[in-house]
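# Structural features, examined
Read off the chains here:
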Amino acid sequence: MSDQRNHANLEEDALHMHASGRPGKIEISPTKPLTTQRDLSLAYSPGVAAPCLKIYEDPAKAYDYTAKGNLVAVISNGTAVLGLGNIGALAAKPVMEGKSVLFKRFADIDGIDLEVATEDVDEFVNCVRYLGPSFGGINLEDIKAPECFIIEQRLRELMDIPVFHDDQHGTAIVTAAALINALDLTGRAIDHIKVVINGAGSAAIACAELIKAMGAPHDNVVLCDTKGVIYAGRTERMNQWKSAHAAQTEARNLADAMRGADVFIGLSVKDAVSQDMVKSMASRPIIFAMANPDPEITPEAVSAARPDAITATGRSDYPNQVNNVLGFPYIFRGALDVRARTINEPMKIAAAEAIAALAREDVPDELDEVYADTRLRYGPGYIIPVPFDPRLMESVPPAVAKAAMDSGVARKPIAIMESYRRELAQRLDPTAASVQAIFQAVRENPRRVIFAEGEEEKAIRAAIGFRNARLGTPVLIGREELVRQKIKALGLHGGVGELEVHNARLDDERGRYVDYLYERLQRKGSLFRDCQRMVNQNRNVFAACMVASGQADAMVTGLTRAFHTCFADLELVLDRKPGEEVFGLSITIGRGRTLFIADTSVHELPGPEVMADIAVQSAAKARQMGHEPKVAFLSFSNFGNPDRVMARRVREAVEAMDARKDVDFEYDGEMSVDMALEPALRERVYPFCRLNGPANVLIMPGLHSSHIVSRLLHQTGAGTSVGPILMGLSQAAQIVPMRSTVNDLVNAAALAAHESIRLGTAERSKRRKPGGRRAAAQ
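Residues numbered from 1 in each chain as written. Predicted model: local features only at pLDDT ≥ 70, side-chain atom pairs only at ≥ 80, totals over all residues. Heavy atoms only, no water.

## Describing the overall build of the protein chain
- What the protein chain contains, in helices and strands, is 32 helices and 22 strands.
- Radius of gyration (C-alpha) of the protein chain: 29 Å, near the 28 Å computed for a compact globule of 778 residues.
- Expressed as lengths along the three principal axes of its C-alpha atoms, the size of the protein chain is roughly 90 × 70 × 50 Å.
- Out of the 778 residues belonging to the protein chain, those deemed buried represent 54%.
- Taking the intrachain contacts of the protein chain between residues at least 6 apart in sequence as the baseline, contacts between residues at least 24 apart amount to 72%.
- Taking the average place of the 91 positive charges on the side chains of the protein chain and the average place of its 99 negative ones, the gap between the two points comes to 2 Å. (Helix = DSSP H or I, 4+ residues; strand = E, 2+ residues; numbered from the N terminus. Rg over C-alpha atoms; globule rule 2.2 N^0.38 Å. Buried < 20%, exposed > 50% of the residue type's maximum accessible area, 1.4 Å probe, protein only. Contact = heavy atoms within 4.5 Å. Lys, Arg positive; Asp, Glu negative; His and termini not counted. Charge placed at Lys NZ, Arg CZ, Asp CG, Glu CD.)

Written out as structure tokens, the structure is:
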């Protein structure tokens, strides 16, 4: 019942997300200014005639004058959608929009979804074959077998741009990458292994083809379907693609095939493999159980049967996730950048090898720090990169591009590969990857997070969303009966079955919390009864006491009270980190640029040393999120021009930085915001400035200016806003703005949970026994 409720709430959240604001997930945005009449005359008539004529003279010029070279069509007829089956072209549109978003998010490729309403192979092929002039590549998606094989093959023959069925080849490439490293760790050679593949659909057959192309002997790769082993001479439920992989073997069922096998690759159904089958495999077996959402056998069951096994799944809550997003965005990126005619076997193998090689490299501190308790080190638990590793963009496309060049299908070879790698590194902002990696790290190390305003509708919905996202255990502060009533009134199907609710007036631990608070405040003007009142009546104080005592790992508040009121409550209970300042760091993620702005919450008029401390802490956070910090101390003046009292304080902050010996990032000031963000202007007017390139960490001169700037950026839609993140506390707590949405609350809770991991509260949290009651709709 709990799983059903989880699914129901996930569906509600997904429907709300897709319908809110502008419906759907994609839009078209111009890349050139279209403000004046001249702009329009250049973009359209009469100026547009010039590029048209150039393309008419030389069709290759289309890549120079249009978006063709960065445009991929995501095409489906909706006959095999995810786990939904044949739902038709129109119903498949949300999935295809999602695929287009992934192309943009991971490889800066513009994807356009096209849904073709036919199941006839000839009609589908004839529709797609004439789209070549519009796109740089074709990504086929969610087309059922065996039609998908025919469609892809015919389109590859008819078109001179890459045609790639990701359900086949994307899965095969990422699986092959994991296999390369599993073989390396177990000391095996691919030409001496026995592989069993359970499933004979498009992905399974593509896996067999690629593994054989990499060196596995034909008869050493045994496929199984619902009728058993696909062996030479079998006639039942066979087709030409299965027949091509029929092996000379005496095995007739999956159990027979797995006996003595080195590798099992599952692309079938839940519970298809038993522990006895696993026990019958060779020493140090390799088991990739990739059925979704539930694997053929769980990693726990594999480990119990064979502790020496290396396992992988298709799920994000287990190590070694075989995820297509590690492959298709970067494969197309490399293919597009050399204007490849096709994606061939050498390019697929190169992609697999590049993905595998990345897992063997040392993991950067920034990425390792994001995953906190999870040790990302090459070994049985880490044979494939995590999906949000930003290095994939710099590693996979060059390998694919080089293979295209070496195999003769590239029409625009890359002259200097190192320059190409640098260009790739600059195409994507690393912030999004860091934020998503934080969520993944929290899923792998779930935490108990308190929602202090637990009777609020948004807090209840956020708590349910937090648990549905598998981020940890939400704890609500409030009256159990009222929370139950609100859950029922909201139609949330009992949330996730149960939510933990603590009522401050009734909690068994409140006496201990009062003693703790009185010990802290007795010499600061508070009587014992004052502390009793605060614990019993102030939910922020009660929640903070739970965190301080180890009853929870983190907390979120701010929906119903102003920031400074909430912050004053937290300061009563929680300490600052030694040697650090407490402040608010706002992050704005815009098109191609991320800005870290501080202090946006706490210090009204920070002194020079405080500003310097804030700069150091902000730079560390920027670096943790994948950015090399370039810090600008902002003012209305530039390096003493004009020389005013308010500007001198900022200049003194730079001098305070100069006096520190351990600063390892660029900084300078005082300077205006345009000088900070426009390096060309700065170099012309102030060539002595120590910053190279635009600043990305902006240290504001006071709370008035920082608050105005950060809120203005948010309200005008200048980018996606994160925070303000409360920095510098010894325990994890976040204060959200009162305008926050449910999604904002979930994000803040995830950030707080991740901070608790970083602060090392894991062991303490494991030892405590949570109290509280359970609330659910009746």
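## Overview of the sheet that holds strand β9 (residues 286-289)
- Spatially, β7-β6-β5-β8-β9-β10 is the arrangement adopted by the six strands of the open sheet, whose pairing is mixed. Every interior strand has two partners, whereas the edge strands, β7 (228-229) and β10 (310-313), have only one.
- Alignment of strand β5 (residues 195-198) against strand β8 (residues 263-266), held across four bridges, turns out to be parallel. Along β8, the bridge assignment pairs I197 with I265.
- Contacting β8, β9 and β10, helix α8 (residues 166-186) runs over the sheet at an angle of about 160 degrees to β9.
- The strands that helix α9 (residues 202-213) touches are β5, β6 (221-225) and β8; relative to β6, the one it contacts most, it runs at about 175 degrees. (Pairing = 2+ DSSP bridges. Axes fitted to C-alpha atoms, helices over the stretch in contact; angles between N-to-C directions.)

## Regarding empty space enclosed by the protein
- Applying the stated criterion across every chain yields a total of two cavities of 30 Å³ or more.
- There is about 80 Å³ of room inside the largest cavity.
- Forming the walls of the largest cavity are S586, I587, T588, S710, R711, H714, S721, V722, G723, P724 and R739.
- Among the elements of the structure, β15 (583-590), α30 (703-715) and β20 (720-727) are those that each provide at least two residues to the lining of the largest cavity.
- When its residues are assigned to classes, the lining of the largest cavity shows three nonpolar, six polar and two charged.
- Its volume calculated, the second largest cavity comes out at about 40 Å³.
- Lining the second largest cavity are H169, A172, I173, A206, E209, L210, E345 and K348.
- Breaking the lining of the second largest cavity down by element, the ones donating at least two residues are α8, α9 and α15 (345-360). (1 Å grid on protein atoms, 1.4 Å probe; cavity = no way out; pocket = protein on both sides within 12 Å on 5 of 7 lines; lining within 4 Å. Points joined across faces, edges and corners; volume = space filled by probe spheres on them. Nonpolar A, V, L, I, M, F, W, Y, C, P; charged D, E, K, R; others polar.)

## A look at the nonpolar core
- Of all hydrophobic cores here, the largest spans 103 residues; its most connected members are I138, L140, I197, F288 and M347.
- I197 has contacts with A204, C207, A208, V221, V222, L223, C224 and I265, leaving out every residue within four places of it along the chain.
- Grouped together as the second largest cluster of nonpolar side chains are 60 residues, I438, V449, Y667 and A753 included. (Core = buried A, V, L, I, M, F, W, Y, C linked by side-chain atoms within 4.5 Å.)

## A short note on the packing of helix α14 (residues 328-337) against helix α17 (residues 392-406)
- Between α14 and α17, the shortest axis-to-axis distance is 7 Å and the interhelical angle comes to 50 degrees. With respect to their mutual orientation, α14 and α17 come out oblique. Two packed elements cross with a definite hand, and for α14 against α17 that hand is right-handed. Judged by residue contacts, Y330, I331, R333, G334 and A335 of α14 engage L392, M393, V396, P397, V400 and A401 from α17.
- Here the residues of the contact of α14 with α17 are counted per class, giving nine nonpolar, one polar and one charged. (Parallel < 35°, antiparallel > 145°, perpendicular 65-115°, else oblique. Left-handed = near helix turned anticlockwise from the far one by under 90°.)

## Digging into the environment of D294
- Secondary-structure assignment places D294 in the loop between β9 and α13 (299-305).
- Overall, the relative accessible area of 29% leaves D294 in the partly exposed class.
- Taking the C-alpha atoms as reference points, D294 and T171, 123 residues apart in sequence, are found 17 Å from one another.
- Looking at D294, its side chain comes within polar contact range of the side chain of R315, at 3.3 Å. (Polar contact = N/O pair within 3.5 Å; in protein donor to acceptor, adjacent residues only side chain to side chain.)

## Overview of the pairing of β6
- Among the five residues of β6, five are classified as buried, and the element is accordingly described as predominantly covered.
- In β6, alternate side chains face the same way, and those of V221, L223 and D225 on one face and V222 and C224 on the other are all buried.
- As judged from the four bridges shared by β5 and β6, these two strands associate in the parallel manner. Counted as the bridge partner of V196 is V222 from β6.
- In the classification by handedness, the crossover that spans β5, the intervening α9 and the parallel β6 is right-handed.
- As paired strands, β6 and β7 are joined by two bridges and run antiparallel to one another. Across the sheet, the residue bridging to C224 is V229, located in β7.
- Two successive antiparallel strands, β6 and β7, enclose a turn made up of two residues. (Right-handed = clockwise from strand over helix to strand, strands pointing away.)

## Overview of helix α18 (residues 417-427)
- Taken residue by residue, α18 has M417, Y420 and L424 as its buried positions. Along the long axis of α18, the arc covered by the buried residues comes to 50 degrees, so they all point the same way.
- Those residues of α18 that are buried lie in contact with α14 and α17. (Arc of directions from axis to C-beta.)

## Looking at the pattern of salt bridges
- Under the defined criterion, the tally for this structure stands at 50 salt bridges.
- With a shortest N-O distance of 3.9 Å, R576 and E581 are connected by a salt bridge.
- Residue E581 is classed as buried on the basis of its relative accessible area, which comes to 14%. (Salt bridge = Lys/Arg side-chain N within 4 Å of Asp/Glu carboxyl O.)

## Details of the packing of aromatic side chains
- A full pass over the atoms with the stated rule returns 13 aromatic pairs.
- Look at F451 and F466: their rings are 6.0 Å apart centre to centre, the planes differ by 75 degrees, and that puts the pair in the edge-to-face class. Of this pair, F451 sits in strand β11 (residues 447-451) while F466 sits in helix α20 (residues 457-468), placing them 15 residues apart in sequence.
- On the basis of relative accessibility, which here comes to 2%, the residue F451 falls in the buried class.
- Residues Y513 and F542 carry aromatic rings whose centres are separated by 5.4 Å and whose planes lie at 75 degrees to one another, so their mutual orientation is edge-to-face. With a gap of 29 residues between them, Y513 in helix α22 (residues 510-521) and F542 in helix α24 (residues 539-548) connect regions that are remote in the sequence. You'll find Y513 and F542 in the same group, each marked buried.
- Aromatic rings pair up to connect F103, F164, F328 and F332 into one cluster.
- K99 extends its terminal NZ or CZ atom over the ring of F328, reaching a point 3.7 Å from the ring centre.
- It is R105 that lies over the ring of F106; its NZ or CZ is 4.5 Å from the centre. (Phe/Tyr/Trp six-rings, centres within 6.5 Å; stacked < 30°, edge-to-face > 60°. Lys NZ or Arg CZ within 6 Å of the ring centre and 35° of its normal.)

## Description of the packing of α22 against α24
- One way to put it is that α22 packs onto α24 with a least axis distance of 10 Å and a crossing angle of 90 degrees. By the angle between their directions, the pair α22 and α24 is classed as roughly perpendicular. In this structure, α22 uses Y513, Y516 and L517 to contact α24, whose residues at the interface are V541, F542, C545, M546 and A548.
- By residue class, the composition of the contact of α22 with α24 is eight nonpolar, no polar and no charged.

## Things to note about the confidence of the model for the protein chain
- Per-residue confidence for the protein chain gives a mean pLDDT of 88, with 93% of residues at or over 70.
- Every residue in residues 761-778 scores below 50 in pLDDT, and together they form 53 contacts with partners more than four places removed in sequence or on other chains. (pLDDT = per-residue confidence, 0-100.)

## Remarks on the sheet that holds strand β17 (residues 630-634)
- Taken together, the six strands give an open sheet; going across it, the order is β18-β17-β19-β16-β15-β20, and neighbouring strands pair in mixed fashion. Each end of this open sheet is capped by a strand with a single partner; those strands are β18 (666-671) and β20. For this sheet the average axis-to-axis angle between neighbouring strands, irrespective of direction, equals 20 degrees.
- As defined by bridge partners, β17 adjoins β18 across five bridges and the pair is classed as parallel. In the sheet register, A632 faces β18, and the bridge partner there is D668.
- In the packing of helix α26 (residues 608-624) onto the sheet, contacts are made with β15, β16 (593-598), β17, β19 (697-699) and β20, and the angle to β19 comes to roughly 165 degrees.

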